[in-house]
Amino acid sequence: MSGTSPILMLSGSGVSACEVEGDQCGKGFRDFGGVINCRGCGFKCQTGSEFVEHAKQGVEMRSKQRNVLMSKMEQVDQSSADDGADVRIVEEDSCCTNKMSQKRKFSLEEESVDENENKKLRINGKTFLLVFYDLEICDGKLGGEIYQIGAKTSSSEFCSYFLPKGSIDWGVTKYVGGIKIAVDSSGKRQLVNKERTFQTVDSHDGFKQFLDWIKVEKKVGKYEKVILIAHGDCDMPVLLNNLARDHLLEDFKCCVDYFANALRFFQANYKDWTKFKLVSIYNRIFPEKEAFKAHDALEDAKALCDIIRELGKGDSDDLVRKILEQSSDLEESCEIAKRRILKSLSKSARKKNAYNNSKCFNFSSL
């Protein structure tokens, strides 16, 4: 029910017992004592006729008030009409000023963004030491031991065989030239394959030699940053995990800045390629050369180095920038490695495989 007009529900001698709606003068209700109350001014009376007379007086008074108010509004409208042109000019000037201010603000913001982007893109490729590396793992799992590490820079190479503390999985033995742990006549454990017995070192000593080699390469070449590059994302967590077990992770962090994934580098920048295995890419880039020896850490590292150096000829800055786009720093890499290794170990614990070699060491040291 609308409350815009006074409503008096008269029945014989007065207002009905129900409450009369509205909050202006001339609208009322009867209380429990039978007295009629005006909502607007609080006027009280006993009969409906008295309240009707009061309501009429209220209507006349409100009419006069409305007339006075309308007169004032007409004066204000006339004044606004006289000054309207000036008001519009001021508003237009203010609007233009605001728009120009916003444009200048957006322009400065865009210049700031462009400058920041340019800073990111301004990379001196000659200040980065690119170390291409590969690992051979005892059981092919992220938590496994390393038995060979190979690495290559533009001017030097490194290779070392480790004597694992555990065994080598039969699958690795089958597909990697019969590599395995054998015991000689004196009871000494040795790393052998079908062709020879390898000269091995303890993993701690081997990693120490690896880090010393990187430090020398960095110092001699006067490089500022070091990027370790492997084909794929499996070598990084395995290397960090084994370094941590031998208490060399902090030393490693002092001389290496990034890990890069060459597989993602190829996929991001050469979308027309259909095959991304290292052997296939090598044959594509060097069709006249013989295939390199796969499943040898040093040979894999040398092949990867040759490929990326060939692709990056003429613009080392752009090459390093694209490599960094597929890289992670040491802190992020350690977090990724830890998460992936724990997940791998958990999965292996749930999976019952009769062919698993229980003598292969799987661990998490991160």
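Coordinates for the structure precede this section.
The following paragraphs examine the structure supplied in this document. (Residues numbered from 1 in each chain as written. Predicted model: local features only at pLDDT ≥ 70, side-chain atom pairs only at ≥ 80, totals over all residues. Heavy atoms only, no water.)

### As for the overall build of the chain
Selection criterion: The secondary structure listing takes helices from DSSP runs of H or I that are at least 4 residues long and strands from runs of E that are at least 2 residues long, numbered from the N terminus. Exposure categories follow from relative accessible area, calculated using a 1.4 Å probe and restricted to protein chains: below 20% of the type maximum is buried, above 50% is exposed, and the middle band is partly exposed. Note on contacts: a residue pair qualifies if any of its non-hydrogen atoms lie within 4.5 Å across the two residues. Only the protein chains shown count as cover for residues, with accessible areas throughout obtained via the Shrake-Rupley method and a probe of 1.4 Å.
What the chain contains, in helices and strands, is 11 helices and 13 strands. Of all 366 residues assigned to the chain, the portion counted as buried reaches 38%. A fraction of 62% describes how many contacts in the chain between residues 6 or more apart in sequence connect residues 24 or more apart. For the chain, the exposed area adds up to about 22100 Å²; of that, 51% sits on carbon and sulfur atoms.

### Brief notes about the sheet that holds strand β12 (residues 258-261)
Heads up, the condition is: When DSSP finds two or more bridges between a pair of strands, those strands are recorded as paired. Orientation is described by lines fitted to C-alpha atoms, with helices fitted over the stretch in contact, and by angles between N-to-C directions that extend from 0 to 180 degrees.
Ordered in space as β8-β7-β6-β11-β12-β13, the six strands form an open sheet in which the pairing is mixed. The sheet terminates laterally at β8 (157-161) and β13 (327-329), the two strands that pair on one side only. Across the sheet, the mean angle separating the axes of adjacent strands is 25° when strand polarity is ignored. Note: β12 against β13, three bridges, orientation antiparallel. Bridge pairing in β13 places Y258 opposite D329. Contacts between helix α5 (residues 235-245) and the sheet are confined to β6 (128-137), β7 (146-152), β11 (225-230) and β12, with β6 contributing the most and set at about 85° to the helix.

### Comments concerning the environment of R339
Among the secondary structure elements, R339 is positioned in helix α11 (residues 330-350). Owing to a relative accessible area of 54%, R339 belongs among the exposed residues under this scheme. Here the alpha-carbon distance between R339 and P237, two residues 102 residues apart in the chain, equals 9.3 Å.

### What to know about a positive patch on the surface
Definition in use: What makes a patch is a set of residues exposed beyond 30% relative accessible area and free of salt bridges, joined within 9 Å when like-charged and within 5 Å when nonpolar (Val, Leu, Ile, Met, Phe, Trp, Tyr). Whenever Lys or Arg places a side-chain nitrogen within 4 Å of a carboxyl oxygen from Asp or Glu, that contact is recorded as a salt bridge. When charges are counted, Lys and Arg are positive and Asp and Glu negative, with His and the chain ends excluded. Here the site of a charge means NZ on Lys, CZ on Arg, CG on Asp, or CD on Glu.
Together, K343, K347, R350 and K351 make up a region of like positive charge exposed at the surface. You can see K343 is positioned in helix α11. Overall, the relative accessible area of 65% leaves K343 in the exposed class.

### Examining the packing of helix α7 (residues 262-269) against helix α9 (residues 297-311)
Packed helices, taken two at a time, are described by the angle between their axes plus the distance between the axes. Going by this rule: Crossings are classed by handedness, with left-handed meaning an anticlockwise turn of the near helix from the far one by less than a right angle and right-handed meaning a clockwise turn.
At a minimum axis distance of 12 Å, the contact between α7 and α9 shows a crossing angle of 35°. The two elements α7 and α9 cross, and the hand of that crossing is left-handed. Taken together, the residues of α9 that come into contact with α7 (itself represented by A262, F265 and F266) are L304, I307, I308 and L311.

### Thoughts on α9
Keep this limit in mind: Between the first and last residue of a helix there are one fewer steps than residues, each counted as 1.5 Å, and that sum is the expected span. Counting of polar contacts relies on pairs of N or O atoms within 3.5 Å, with two restrictions inside protein: one atom must be capable of donating a hydrogen and the other of accepting it, and residues adjacent in sequence are counted only when both atoms are side-chain atoms.
Compared with an ideal rise of 1.5 Å per residue, which puts 15 residues at 21 Å, α9 spans 21 Å between its outermost C-alpha atoms and is within 8% of the ideal. Along α9, the positions that sit buried rather than exposed are A297, L298, D300, A301, A303, L304, C305, I307 and I308. The N-cap residue of α9 is D296: its side-chain oxygen and the backbone nitrogen of L298 are 3.2 Å apart.

### As for the packing of helix α8 (residues 278-285) against α9
Under the convention used in this document: Orientation is classified from the angle alone, with under 35 degrees giving roughly parallel, over 145 giving roughly antiparallel, 65 to 115 giving roughly perpendicular, and any other angle giving oblique. As a working rule, the residues Ala, Val, Leu, Ile, Met, Phe, Trp, Tyr, Cys and Pro are called nonpolar, Asp, Glu, Lys and Arg charged, and the rest polar, with Gly in that last group.
Two elements in contact, α8 and α9, have axes separated by 10 Å at closest approach and are oriented at 45°. Our classification of the angle between α8 and α9 gives oblique. Between α8 and α9 the crossing geometry is left-handed. Of the residues in α9, those in contact with L278, I281, Y282 and I285 of α8 are D300, A303, L304, D306, I307, E310 and L311. Taken together, the residues that form the contact of α8 with α9 break down as eight nonpolar, no polar and three charged.

### Examining unusual backbone geometry
In this structure, H247 takes a positive phi of about 60° despite not being glycine. Unusually for a residue other than glycine, H295 sits at a positive phi of about 65°. By the element assignment, H295 lies in the loop between α8 and α9. A relative accessible area of 48% means that H295 is categorised as partly exposed.

### Describing helix α4 (residues 203-220)
Note the cut-off: When we speak of the arc, we mean the arc of directions from the helix axis to the C-beta atoms.
Its 18 residues give α4 an end-to-end C-alpha distance of 26 Å, which sits within 8% of 26 Å, the value for a rise of 1.5 Å per residue. Within α4, the full set of buried residues consists of S203, G206, F207, F210, L211, W213, I214 and E217. Seen end-on, α4 carries its buried residues on one side only, within an arc spanning 155°. Relative to its buried face, α4 has exposed residues pointing more than 90 degrees away, namely K219 and V220.

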